[in-house]
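# Coordinate inspection notes
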Amino acid sequence: MSDSTVQANRAVWELASAKHVREYDDLLAQARSGPALTAVELELLGPLLRQRPAVVHLQSGQGLDDIALTHAGASGVIGVDYSVVAATSAARRASELGLPCAYVVAQLPPAPLRDGCADLVYTGKGALIWIPDLQSWADDVFRLLEPGGRLFVHEAHPMVPLYRWDADAARLRPDRSYFDRQHVNDTFPARGAVEWQWTLGDLVTAVVRAGLRIEELREHPEPFWRPGDVEAAVWDGRLPNTFSLLARRPLALADQP
């Protein structure tokens, strides 16, 4: 992906992130009322979060997940996002709630953080489609993790860009392929941005090549987000809409696969 495309995408997200400012009070109320993490995330991350890990959240967006991570046990969260608007709004919200969340504005990869600064790297929910070089991203995750640290991804399934939102039956879009490398987003909030379309095999291969050991890979029928005025047949429990991946940086070279 060219630098001009990356910058155009960044401009789109700065505009889209203004939503986090307009809805600041509502998001603050959500942060106070309960967790933003899904039941699937809590099932896989609960035991790790109870160990009070230092967390790095790559592409942290509006920051509600960071607040939820601290509520579930994280000792602190550093969010990295390339939207100044999103990071500023998230930092203000965390400060108002008195929570140990800090934010850095940066294009990924690499994250401008020291080696081995994280016990847990968390990401997902619409993050990986903005990464033009998945292998460089996975290599950077390995660098950020302490030996024994984990990567956790909860993300839209790679099949999702192919789905139509018809209510009567599940259908695929005729204009997209699972094996396309990129496409233009035509739905809210990133309409007009270029998405990088990674397969599940691409992600697994990148993570393994980076030196991480996969511990869990699960596919789920539930989407992590849906427009409030849409009830699509692809969400009826028969098709994959999200997946979760948990991987670990080995403790030592001898522990690597």
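Below: a short report on this structure.

What counts, and where the lines are drawn
Throughout, residues of each chain are indexed from 1 in the direction in which the sequence is written. Owing to the predicted nature of the model, reporting of local features is limited to residues with pLDDT of at least 70; listing and counting of side-chain atom pairs is limited to 80 or more, with chain, interface and lining totals taken over all residues. Values shown for side chains rest on all heavy atoms present in the structure; no hydrogens or waters enter the calculation. Only rings of Phe, Tyr and Trp enter the pairing, Trp through its six-membered ring, and a pair is recorded when the two centres are within 6.5 Å. The plane angle decides the type: under 30 degrees is stacked, over 60 is edge-to-face, the rest tilted. The secondary structure listing takes helices from DSSP runs of H or I that are at least 4 residues long and strands from runs of E that are at least 2 residues long, numbered from the N terminus. Only protein chains enter the accessibility calculation, which uses a 1.4 Å probe. A residue is then buried if its area is under 20% of the maximum for its type, exposed if over 50%, and partly exposed in between. Any two strands with at least two DSSP-identified bridges between them are counted as paired. When the strands point away from the viewer and the path from the first strand over the helix to the second turns clockwise, the crossover is right-handed. By definition here, a salt bridge exists when the distance from a side-chain nitrogen of Lys or Arg to a carboxyl oxygen of Asp or Glu is within 4 Å. Residues belong to a common nonpolar core when they are buried Ala, Val, Leu, Ile, Met, Phe, Trp, Tyr or Cys residues joined through side-chain atoms within 4.5 Å. Whether two residues are in contact is decided by their heavy atoms, any of which lying within 4.5 Å being enough. Within this analysis, patches are made of residues with over 30% relative accessible area and no salt bridge. Like charges are joined at 9 Å or less; nonpolar side chains (Val, Leu, Ile, Met, Phe, Trp, Tyr) at 5 Å or less. Areas reported here follow the Shrake-Rupley algorithm with a probe of radius 1.4 Å; residue values treat only the protein chains shown as occluding. Axis definition: a line fit to C-alpha positions, over the contact stretch in the case of helices; interaxial angles, taken between N-to-C directions, run 0 to 180 degrees. Small angles under 35 degrees read as roughly parallel and large ones over 145 as roughly antiparallel, with 65 to 115 read as roughly perpendicular and the rest as oblique. If you view the pair so one helix is near and one far, a crossing is left-handed when the near helix is turned anticlockwise from the far one by less than a right angle, and right-handed when it is turned clockwise. Each residue is assigned to one class: nonpolar for Ala, Val, Leu, Ile, Met, Phe, Trp, Tyr, Cys and Pro, charged for Asp, Glu, Lys and Arg, and polar for all the others, Gly among them.

## Comments concerning the packing of aromatic side chains
Enumeration according to the criterion identifies 5 aromatic pairs in this entry. Ring geometry for tyrosine 122 against phenylalanine 152: centres 6.1 Å apart, planes inclined by 20°, an arrangement best described as stacked. Of this pair, tyrosine 122 sits in strand 4 (residues 118-124) while phenylalanine 152 is found in strand 5 (residues 145-156), placing the two residues 30 residues apart along the sequence. Residue classification places tyrosine 122 among the buried residues on the basis of a relative accessible area of 1%. Overall, the relative accessible area of 0% leaves phenylalanine 152 in the buried class. Ring centres 5.8 Å apart and planes at 55° place the aromatic pair tryptophan 165 and tryptophan 235 in the tilted group. Highlighted residues: tryptophan 165 in the loop between strand 5 and strand 6 (182-184) and tryptophan 235 in the loop between strand 8 (213-220) and strand 9 (242-248), separated in sequence by 70 residues. The class of tryptophan 235 is buried, set by a relative accessible area of 10%.

## Quick notes on the pairing of strand 4
The buried fraction of strand 4 amounts to 6 of the 7 residues, a majority that puts the element mostly inside the structure. The pairing of strand 1 (residues 54-58) with strand 4 spans 3 bridges and is classified as parallel. Pairing of histidine 57 across the sheet is with tyrosine 122, part of strand 4. Note: strand 4 against strand 5, 6 bridges, orientation parallel. Across the sheet, residue glycine 124 finds its bridge partner in strand 5, namely histidine 154. The β-α-β motif built from strand 4, the intervening helix 6 (residues 134-144) and the parallel element strand 5 has right-handed crossover chirality.

## A short note on the pattern of salt bridges
Per the stated rule, a full pass over the model turns up 15 salt bridges. Aspartate 65 is the partner of lysine 125 in a salt bridge, and the nearest nitrogen-oxygen pair spans 3.1 Å. With a gap of 60 residues between them, lysine 125 in the loop between strand 4 and helix 6 and aspartate 65 in helix 4 (residues 64-71) connect regions that are remote in the sequence. A salt bridge links arginine 171 to aspartate 168; the nearest nitrogen and oxygen atoms lie 2.9 Å apart.

## Comments concerning the nonpolar core
Core analysis: the biggest nonpolar cluster contains 34 residues, and Leu58, Val121, Trp137 and Leu151 have the highest contact counts within it. Among the elements of the structure, strand 1, strand 4, helix 6, strand 5, helix 7 (200-209) and strand 9 are those that each provide at least two residues to this core. No other element matches helix 6, which puts 6 residues into this core. Once residues within four sequence positions are removed from consideration, leucine 151 is found in contact with Val121, Trp137, Val141, Leu145, Val207, Leu212, Leu245, Leu246 and Ala247.

## Let's talk about a nonpolar patch on the surface
Residues Trp165, Phe224 and Trp225 make up a contiguous nonpolar surface patch of roughly 300 Å² in combined accessible area. Within the fold, tryptophan 225 resides in the loop between strand 8 and strand 9.

## Regarding the sheet that holds strand 9
One key point about sheets: their strands pair by backbone hydrogen bonds, in either a parallel or an antiparallel sense. Strands sit in the order 3-2-1-4-5-9-8 across an open sheet of 7 strands; the sheet is mixed. The open sheet is flanked by strand 3 (101-105) and strand 8, the only strands paired with a single partner. Across the sheet, the mean angle separating the axes of adjacent strands is 15° when strand polarity is ignored. Across the face of the sheet, helix 3 (residues 39-49) comes into contact with strand 4, strand 5, strand 8 and strand 9 while running at roughly 165° to strand 5. The strands touched by helix 7 within the sheet are strand 5, strand 8 and strand 9, with strand 8 carrying the most contacts at an inclination of about 165°.

## Topic: the environment of glycine 63
Relative to the assigned elements, glycine 63 resides in the loop between strand 1 and helix 4. In the structure, glycine 63 is positioned 145 residues away from valine 208 in sequence and 28 Å away in space, judged by C-alpha atoms. Beyond its immediate stretch of four places on either side in the chain, glycine 63 contacts Ala90 and Tyr103.

## A look at the packing of helix 6 against helix 7
Following both chains from N to C, one finds helix 6 and helix 7 inclined at 45°, their axes separated by 8 Å at the closest point. In terms of orientation, helix 6 and helix 7 fall into the oblique class. The interaxial crossing formed by helix 6 with helix 7 has right-handed handedness. Residues Leu134, Gln135, Trp137 and Ala138 of helix 6 lie in contact with helix 7, whose contacting residues are Asp202, Leu203, Thr205, Ala206, Val207 and Arg209. Within the contact of helix 6 with helix 7, the residues separate by chemical class into 6 nonpolar, 2 polar and 2 charged.

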